[in-house]
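Now for the letters of each chain:
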Amino acid sequence: DPAVSVEPWDEAVAVEHDLVDLIAAVERVKAGAEAAQIRAIAELAGRAMFAGCAEHGHGDPAHGIRGAASVISAELRLSPSAAVQRVATACELVDSLPATLAELAAGRIDGYRARVIAEQTRPLAAIPDLRRQVEATLLAKAPRRTATQLRAAACKAVLAADPASAEERHQRARAGRFVSP
């Protein structure tokens, strides 16, 4: 609140306090703007001109992601792979993690934390209800955690939510490892 009352002899603290408030307010505005961009990106990927064609089939989400990413890559000066990742994550947040997107839009979490939740809960994508439960658990404390703490909590929550799948992923990763001579 810019109308914070401080003692007259403590003017430097008041100015610093106001600056900290301004910094926090701008961070919330940035988060809201990022949420708006995410919604626009997902909407673009779903548009008919990107969502399918005779060659790849109509309604193919991967086709929509690639098509939208090509335009976004050029417009935002992103590498094609970075644009694909941005579009895929935007679609994922809109379609599968709306509570995370709502927290981002409200400025309670930042874009990095939203991406951490999306990435870390991705192994649960085939079980949407379970993914939403883990999402809700993470969002309850996400605003008060560092990104590193959130990533660790998400990893632990996903493992606890679906230990059998975690073991399967571990075994596949282990089988894929080798040492070349």
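Residues numbered from 1 in each chain as written. Predicted model: local features only at pLDDT ≥ 70, side-chain atom pairs only at ≥ 80, totals over all residues. Heavy atoms only, no water.

**Observations regarding the overall build of the protein**
Then, number 1: Of the regular secondary structure elements, the protein holds 9 helices and 2 strands.
Then, number 2: Burial status across the protein gives 31% buried among its 181 residues.
Then, number 3: For the protein, the share of sequence-separated contacts (at least 6 apart) that also reach a separation of at least 24 residues comes to 53%.
Then, number 4: Working note: accessible area of the protein is about 11,300 Å², and carbon and sulfur atoms make up 60% of it. (Helix = DSSP H or I, 4+ residues; strand = E, 2+ residues; numbered from the N terminus. Buried < 20%, exposed > 50% of the residue type's maximum accessible area, 1.4 Å probe, protein only. Contact = heavy atoms within 4.5 Å. Areas by Shrake-Rupley, 256 points an atom, 1.4 Å probe, with all protein chains shown as cover.)

**Notes on helix 7 (residues 128-141)**
Then, number 1: Helix length check: helix 7 (14 residues) gives 21 Å between terminal C-alpha atoms against 20 Å at 1.5 Å per residue, within 8%.
Then, number 2: Those residues of helix 7 that sit buried are Leu 130, Arg 131, Val 134, Glu 135, Leu 138 and Leu 139.
Then, number 3: Contacts from the buried residues of helix 7 go to helix 4 (80-96), helix 5 (98-105), helix 6 (111-121) and helix 8 (147-161). (Expected span 1.5 Å × (residues − 1).)

**Quick look at the pattern of salt bridges**
Oppositely charged side chains can form a pair if their charged atoms are brought close together.
Then, number 1: Scanning the entire structure with this criterion turns up 9 salt bridges.
Then, number 2: Overlapping salt bridges bring together Glu 92, Arg 122 and Arg 131 as one network. (Salt bridge = Lys/Arg side-chain N within 4 Å of Asp/Glu carboxyl O.)

**Focus on the nonpolar core**
Then, number 1: Ranked by size, the top nonpolar core spans 35 residues in total, and within it Val 87, Leu 104 and Leu 138 carry the most contacts.
Then, number 2: Counting only elements with at least two residues in this core, the list comes to helix 1 (11-46), helix 3 (61-76), helix 4, helix 5, helix 6, helix 7 and helix 8.
Then, number 3: Top contributing element to this core by residue count: helix 1, with 6 residues.
Then, number 4: With residues up to four places along the chain from it excluded, the contact list for Leu 104 reads Ala 31, Gly 32, Glu 34, Ala 35, Ile 38, Ile 109, Asp 110, Gly 111 and Ala 114. (Core = buried A, V, L, I, M, F, W, Y, C linked by side-chain atoms within 4.5 Å.)

**Looking at the packing of helix 7 against helix 8**
Then, number 1: Put simply, helix 7 and helix 8 touch, their axes get as near as 10 Å, and they point 145° apart. Seen from above, helix 7 lies across helix 8 with right-handed handedness. Judged by residue contacts, Leu 130, Val 134 and Leu 138 of helix 7 engage Leu 150, Ala 153, Ala 154, Ala 157, Val 158 and Ala 161 from helix 8.
Then, number 2: Looking at side-chain class alone, the contact of helix 7 with helix 8 contains 9 nonpolar, no polar and no charged residues. (Axes fitted to C-alpha atoms, helices over the stretch in contact; angles between N-to-C directions. Left-handed = near helix turned anticlockwise from the far one by under 90°. Nonpolar A, V, L, I, M, F, W, Y, C, P; charged D, E, K, R; others polar.)

**Notes on unusual backbone geometry**
Then, number 1: The phi dihedral of Arg 77 falls on the positive side, at around 60°, and the residue is not glycine.
Then, number 2: Positionally, Arg 77 belongs in the loop between helix 3 and helix 4.
Then, number 3: Under the relative-accessibility criterion, Arg 77 is labelled exposed at 68%.

**Describing a nonpolar patch on the surface**
Then, number 1: Together, Val 15, Leu 19, Leu 22, Ile 23 and Val 26 make up an exposed nonpolar region whose accessible area comes to about 450 Å².
Then, number 2: As for its placement among the helices and strands, Leu 19 is situated in helix 1.
Then, number 3: Classification of Leu 19 as partly exposed rests on a relative accessible area of 45%. (Patch = residues over 30% accessible without salt bridge, like charges linked within 9 Å, V, L, I, M, F, W, Y side chains within 5 Å.)

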